[in-house]
Amino acid sequence: LFSVVVLVIALIVLSSFLSMFTSSMMQLWYLRNEERRQFWLLRRYLKDANVSKPIARKVEKYVEHVYSKRQRNLQENQVQLLSYLSDPLQDELKHESFAGLLSIHPLFPHISERSKTFVRACAARLCAPDDVL
(Lines give C-alpha, C1' and ligand atoms only; values in the text may rest on other atoms or scores of the structure.)
Protein backbone atom coordinates (compact mmCIF):
# COMPACT_ATOMS: atom_id res chain seq x y z
CA LEU A 1 0.00 0.00 0.00
CA PHE A 2 2.81 2.38 0.91
CA SER A 3 4.52 1.68 -2.43
CA VAL A 4 1.36 2.44 -4.36
CA VAL A 5 0.87 5.78 -2.55
CA VAL A 6 4.50 6.77 -3.18
CA LEU A 7 4.17 5.77 -6.82
CA VAL A 8 0.98 7.80 -7.27
CA ILE A 9 2.56 10.86 -5.62
CA ALA A 10 5.66 10.47 -7.78
CA LEU A 11 3.48 10.28 -10.91
CA ILE A 12 1.59 13.42 -9.88
CA VAL A 13 4.82 15.34 -9.21
CA LEU A 14 6.34 14.13 -12.46
CA SER A 15 3.26 15.04 -14.48
CA SER A 16 3.07 18.54 -12.96
CA PHE A 17 6.78 19.09 -13.66
CA LEU A 18 6.31 17.87 -17.22
CA SER A 19 3.29 20.14 -17.63
CA MET A 20 5.24 23.21 -16.45
CA PHE A 21 8.14 22.34 -18.73
CA THR A 22 5.84 21.88 -21.73
CA SER A 23 4.06 25.15 -21.00
CA SER A 24 7.37 27.04 -20.80
CA MET A 25 8.54 25.50 -24.06
CA MET A 26 5.28 26.46 -25.77
CA GLN A 27 5.63 30.06 -24.59
CA LEU A 28 9.18 30.22 -25.94
CA TRP A 29 8.04 28.66 -29.21
CA TYR A 30 5.22 31.20 -29.51
CA LEU A 31 7.55 34.17 -28.89
CA ARG A 32 10.10 32.91 -31.40
CA ASN A 33 7.36 32.15 -33.92
CA GLU A 34 5.94 35.67 -33.59
CA GLU A 35 9.43 37.12 -34.14
CA ARG A 36 9.85 35.02 -37.30
CA ARG A 37 6.39 36.07 -38.49
CA GLN A 38 7.23 39.76 -38.09
CA PHE A 39 10.45 39.42 -40.07
CA TRP A 40 8.61 37.40 -42.73
CA LEU A 41 6.00 40.19 -42.98
CA LEU A 42 8.79 42.73 -43.38
CA ARG A 43 10.36 40.74 -46.24
CA ARG A 44 6.96 40.27 -47.85
CA TYR A 45 6.21 43.99 -47.62
CA LEU A 46 9.57 44.89 -49.16
CA LYS A 47 8.96 42.43 -51.98
CA ASP A 48 5.37 43.61 -52.59
CA ALA A 49 6.53 47.24 -52.60
CA ASN A 50 9.15 46.40 -55.27
CA VAL A 51 12.01 47.61 -53.11
CA SER A 52 15.38 46.88 -54.70
CA LYS A 53 17.40 44.05 -53.17
CA PRO A 54 20.23 46.29 -51.84
CA ILE A 55 17.77 48.63 -50.07
CA ALA A 56 15.69 45.71 -48.82
CA ARG A 57 18.81 44.09 -47.38
CA LYS A 58 19.78 47.38 -45.66
CA VAL A 59 16.32 47.66 -44.15
CA GLU A 60 16.37 44.06 -42.94
CA LYS A 61 19.85 44.42 -41.42
CA TYR A 62 18.89 47.65 -39.66
CA VAL A 63 15.65 46.21 -38.27
CA GLU A 64 17.48 43.08 -37.08
CA HIS A 65 20.08 45.26 -35.36
CA VAL A 66 17.52 47.49 -33.63
CA TYR A 67 15.36 44.51 -32.68
CA SER A 68 18.25 42.62 -31.10
CA LYS A 69 19.40 45.76 -29.27
CA ARG A 70 15.92 46.33 -27.86
CA GLN A 71 15.70 42.70 -26.79
CA ARG A 72 18.92 43.12 -24.77
CA ASN A 73 18.06 46.48 -23.18
CA LEU A 74 15.00 46.74 -20.98
CA GLN A 75 13.02 49.89 -21.73
CA GLU A 76 11.28 52.03 -19.10
CA ASN A 77 7.85 51.50 -20.68
CA GLN A 78 8.24 47.72 -20.26
CA VAL A 79 8.33 48.02 -16.44
CA GLN A 80 4.75 48.68 -15.40
CA LEU A 81 5.60 49.20 -11.73
CA LEU A 82 7.52 52.39 -12.55
CA SER A 83 4.17 54.08 -13.25
CA TYR A 84 3.44 53.87 -9.50
CA LEU A 85 6.26 56.30 -8.68
CA SER A 86 5.44 59.91 -7.94
CA ASP A 87 6.48 62.46 -10.57
CA PRO A 88 9.43 63.80 -8.53
CA LEU A 89 10.67 60.29 -7.87
CA GLN A 90 10.34 59.44 -11.59
CA ASP A 91 12.34 62.57 -12.40
CA GLU A 92 15.06 61.59 -9.93
CA LEU A 93 15.18 58.10 -11.41
CA LYS A 94 15.51 59.49 -14.94
CA HIS A 95 18.24 61.85 -13.77
CA GLU A 96 20.18 58.96 -12.25
CA SER A 97 19.75 56.69 -15.26
CA PHE A 98 20.93 59.31 -17.77
CA ALA A 99 23.62 60.94 -15.62
CA GLY A 100 26.27 58.45 -16.75
CA LEU A 101 25.64 59.22 -20.41
CA LEU A 102 25.63 62.96 -19.87
CA SER A 103 28.77 62.98 -17.73
CA ILE A 104 30.91 62.18 -20.78
CA HIS A 105 30.86 65.84 -21.80
CA PRO A 106 32.64 68.15 -19.31
CA LEU A 107 29.78 70.67 -19.24
CA PHE A 108 27.13 68.27 -17.94
CA PRO A 109 28.76 67.20 -14.66
CA HIS A 110 29.17 70.88 -13.78
CA ILE A 111 25.51 71.63 -14.55
CA SER A 112 24.38 68.45 -12.83
CA GLU A 113 26.11 69.32 -9.55
CA ARG A 114 24.73 72.86 -9.59
CA SER A 115 21.18 71.85 -10.45
CA LYS A 116 20.98 68.78 -8.19
CA THR A 117 20.59 70.93 -5.08
CA PHE A 118 17.83 72.96 -6.72
CA VAL A 119 16.07 69.86 -8.07
CA ARG A 120 16.22 68.14 -4.68
CA ALA A 121 14.83 71.26 -2.98
CA CYS A 122 11.93 71.36 -5.42
CA ALA A 123 11.36 67.64 -5.09
CA ALA A 124 11.12 67.94 -1.31
CA ARG A 125 8.13 70.23 -1.74
CA LEU A 126 6.46 68.14 -4.46
CA CYS A 127 6.76 64.63 -3.04
CA ALA A 128 3.77 62.67 -1.89
CA PRO A 129 3.50 62.13 1.88
CA ASP A 130 4.60 58.47 1.72
CA ASP A 131 7.58 58.98 -0.65
CA VAL A 132 11.00 58.02 0.60
CA LEU A 133 13.87 60.33 -0.30
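That block above? That's the structure.
Our subject in this report is the structure included herewith. (Residues numbered from 1 in each chain as written. Predicted model: local features only at pLDDT ≥ 70, side-chain atom pairs only at ≥ 80, totals over all residues. Heavy atoms only, no water.)

**Looking at the overall build of the protein**
Counting secondary structure elements, the protein contains 4 helices and 0 strands. When the helices and strands of the protein are placed in sequence order, the string is α-α-α-α. Taken across its 133 residues, the protein has 8% of its residues classed as buried. Carbon and sulfur atoms form 64% of the exposed surface of the protein, whose accessible area is close to 12,100 Å². (Helix = DSSP H or I, 4+ residues; strand = E, 2+ residues; numbered from the N terminus. Buried < 20%, exposed > 50% of the residue type's maximum accessible area, 1.4 Å probe, protein only. Areas by Shrake-Rupley, 256 points an atom, 1.4 Å probe, with all protein chains shown as cover.)

**A word on helix H1 (residues 2-48)**
Helical geometry note: an α-helix holds 3.6 residues per turn, so side chains three or four residues apart project in the same direction. Across its 47 residues, H1 extends 68 Å between first and last C-alpha, which sits within 8% of the 69 Å expected from 1.5 Å per residue. Looking at H1, one finds that the buried residues are Phe39, Leu42 and Leu46. Against the buried residues of H1 lie helix H2 (53-72). A positive backbone phi angle near 55° is found at asparagine 50, which sits one or two residues after H1. (Expected span 1.5 Å × (residues − 1). Contact = heavy atoms within 4.5 Å.)

**Thoughts on a nonpolar patch on the surface**
Together, Leu18, Phe21, Met25, Met26, Leu28, Trp29, Tyr30 and Leu31 make up an exposed nonpolar region whose accessible area comes to about 910 Å². Here leucine 28 shows up in helix H1. By relative accessible area, which is 55% here, leucine 28 ends up exposed. (Patch = residues over 30% accessible without salt bridge, like charges linked within 9 Å, V, L, I, M, F, W, Y side chains within 5 Å. Salt bridge = Lys/Arg side-chain N within 4 Å of Asp/Glu carboxyl O.)

**So, the side chain of glutamate 60**
Turning to its location among the elements, glutamate 60 is positioned in helix H2. Once residues lying within four places of it in the same chain are set aside, the contact partners of glutamate 60 are Leu42, Arg43 and Leu46.

**Some points on the pattern of salt bridges**
Counted by the stated rule, this structure contains 4 salt bridges. A salt bridge links arginine 32 to glutamate 35, with the nearest nitrogen and oxygen atoms 2.5 Å apart. Taken as a pair, arginine 32 and glutamate 35 lie in helix H1 at a separation of 3 residues, close to a single helical turn. According to the relative accessible area criterion, arginine 32 is partly exposed, its value standing at 39%. Its salt-bridge partner being arginine 57, residue glutamate 60 comes within 3.4 Å of it at the nearest N-O pair. Residue glutamate 60 and its partner arginine 57 are both found in helix H2; the two are separated by 3 residues, about one turn of the helix. By relative accessible area, which is 41% here, arginine 57 ends up partly exposed.

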